[in-house]
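Residues per chain are reported as follows:
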Amino acid sequence: MSLERTLTVRVERILRETPEILAFELAHPWGRALPGYEAGAHIDVHMPGGFSRQYSLARWSSDAASNAASYVIGVKREAQSRGGSASMHERVREGDLLAISAPRNTFPLREAATRHLLLAGGIGMTPLLAMAQALAARGADFTFCVFARSEEHLAFAGALHSLALAPHLRLHLDQGNASQRIDLRALLAARAPGTHLYVCGPGGFMKAVREAAAHWPEDALHAEYFAAPADANTSTGLPFMLKLAQRGITVPVAADQTAVDALHEVGIDIPVSCQQGLCGTCVVEGDGEGAEHRDFCLTGTERRTKVALCCSRARGQELVLQL
C-alpha cells in the first residue's frame, strides 16, 4: 500500500457535542498554519491501535482555502465500531499528537450551481456544515436541512443557529414538533433549474434521499458515504488486463484481485485509503467508458474519464488507464 505524506497535529481541544459525538480540534504542534482546504474536504486520521479513518472537516472560514489555524472533526461513537471511533473516544486526549493526511476533497461545492440544497443526517452534517458556512460567506442561495433525533442529539448546534446560517436552516427532529418535520419526497419532488443536491449521513438516510431524488439528473446529486451501501457490488469479477497507455505495458488482474493490488505487484504505487470507493484517493485518469464502476465518489460525468482502482473493474477484457 502506498503511504501518503502525513502531518503531525496536536489535539488542542475535545468538546462533547452530543451523548455520542465528540468534536476534536487539531492544530499544528508549533502553532504554524495547517494546509488549506475547500469546504467538503476530509482528512485521514491515524489513531491509537493502528486504526485509520476518514473524517470530514466540520468548520470553514474565509481563509481556510489558503491556510488553516486548526481543523475540526466530529466523531460519533458507533455501537458497532470496528475500533476507530472507540479509539478516538476512549484513547485520545487533549495534548496528544496524531498523524493525519493533508486534506482531500472529493465532495466539493459545484461552482456551476445557482442554488444549493444540503441534506445532512446525524453526524453527516460535518462536511455540509462547512459547505453551508462557505455558501453563507459568499451570499449564495442555499437551504441547509439537518435531520437529527432530538435537540440533545444535534451536533454543532451553536454553528447551526448562528446569524449566518439560521436563515437557511431547516431542522427535522424525529422527537420534535411533527409540523416541522421534513418530508423528503415532497422536498425533492421538483427541482428548480440549476439546483444541486448534496447529501451525507447514515446508510438508511442516504437510501431514502436517493429514492426520493431518483428523478434528479445524476450530475446534480452529490453524495458522501460513511461506508459502502449494504447492497453494493463488492464481489469479485472476471479477470481482465490493465493497459497502461503512458508506459506502453499491460498488467493482468485476476478474478479475485483489485486493480490496485495488481499494479502494486508490478511495482506501480497507487495511493489507497478507504478501499471501498468512497474517498477518491485511488482515482486515476482512464477510459471510464470501458470500466465497470463500483465507486461512490465519482459523478456520472467524471466516470467517463476517471476510474477508482480500489473497486472498479473492466466491462470487457481490457481497461485503458493514463498511467
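This text follows the structure it describes.
Attention in this report is confined to the structure presented alongside it. (Residues numbered from 1 in each chain as written. Predicted model: local features only at pLDDT ≥ 70, side-chain atom pairs only at ≥ 80, totals over all residues. Heavy atoms only, no water.)

Right, let's get into the sheet that holds strand β4 (residues 42-47). Pairing is antiparallel across the open sheet formed by six strands, whose spatial order is β5-β4-β8-β1-β2-β7. Looking along the sheet, the strands with just one partner apiece sit at the ends: β5 (51-56) and β7 (70-76). Strand-to-strand twist in this sheet, taken as the mean axis angle between neighbours without regard to direction, amounts to 40 degrees. Two elements, strand β1 (residues 6-16) and strand β2 (residues 21-27), share six bridges in a ladder whose sense is antiparallel. Each bridged residue has a counterpart across the sheet, and for Val-11 the counterpart in β2 is Leu-26. (Pairing = 2+ DSSP bridges. Helix = DSSP H or I, 4+ residues; strand = E, 2+ residues; numbered from the N terminus. Axes fitted to C-alpha atoms, helices over the stretch in contact; angles between N-to-C directions.)

Quick look at the pattern of salt bridges now. Any two side chains of opposite charge can pair, on the condition that their charged atoms come close. Inspection of every chain in the model, using the stated rule, returns 10 salt bridges. Linking Arg-115 and Asp-141 is a salt bridge whose minimum nitrogen-to-oxygen distance equals 3.7 Å. Separated by 26 residues along the polypeptide, Arg-115 in strand β9 (residues 115-121) and Asp-141 in the loop between α2 (125-137) and β10 (142-148) bring together distant segments of the chain. Judged by its relative accessible area of 42%, Asp-141 falls in the partly exposed class. Put simply, Arg-294 and Glu-292 hold a salt bridge, and the shortest N to O gap is 2.7 Å. Counted as one network, the salt bridges with shared partners bring together Arg-13, Glu-25 and Arg-59. (Salt bridge = Lys/Arg side-chain N within 4 Å of Asp/Glu carboxyl O. Buried < 20%, exposed > 50% of the residue type's maximum accessible area, 1.4 Å probe, protein only.)

Once that is clear, we can look at the sheet that holds strand β15 (residues 249-253). The strands that make up a sheet are held in pairs by hydrogen bonds between backbone atoms, and each pair lies either parallel or antiparallel. One open sheet accounts for three strands, arranged β15-β14-β20; its pairing is mixed. The sheet is open, and its two edges are formed by β15 and β20 (318-321), each paired on a single side. Shown here is a sheet whose adjacent strand axes are inclined to one another by a mean of 25 degrees, direction ignored. Pairing between strand β14 (residues 240-244) and β15: five bridges, direction antiparallel.

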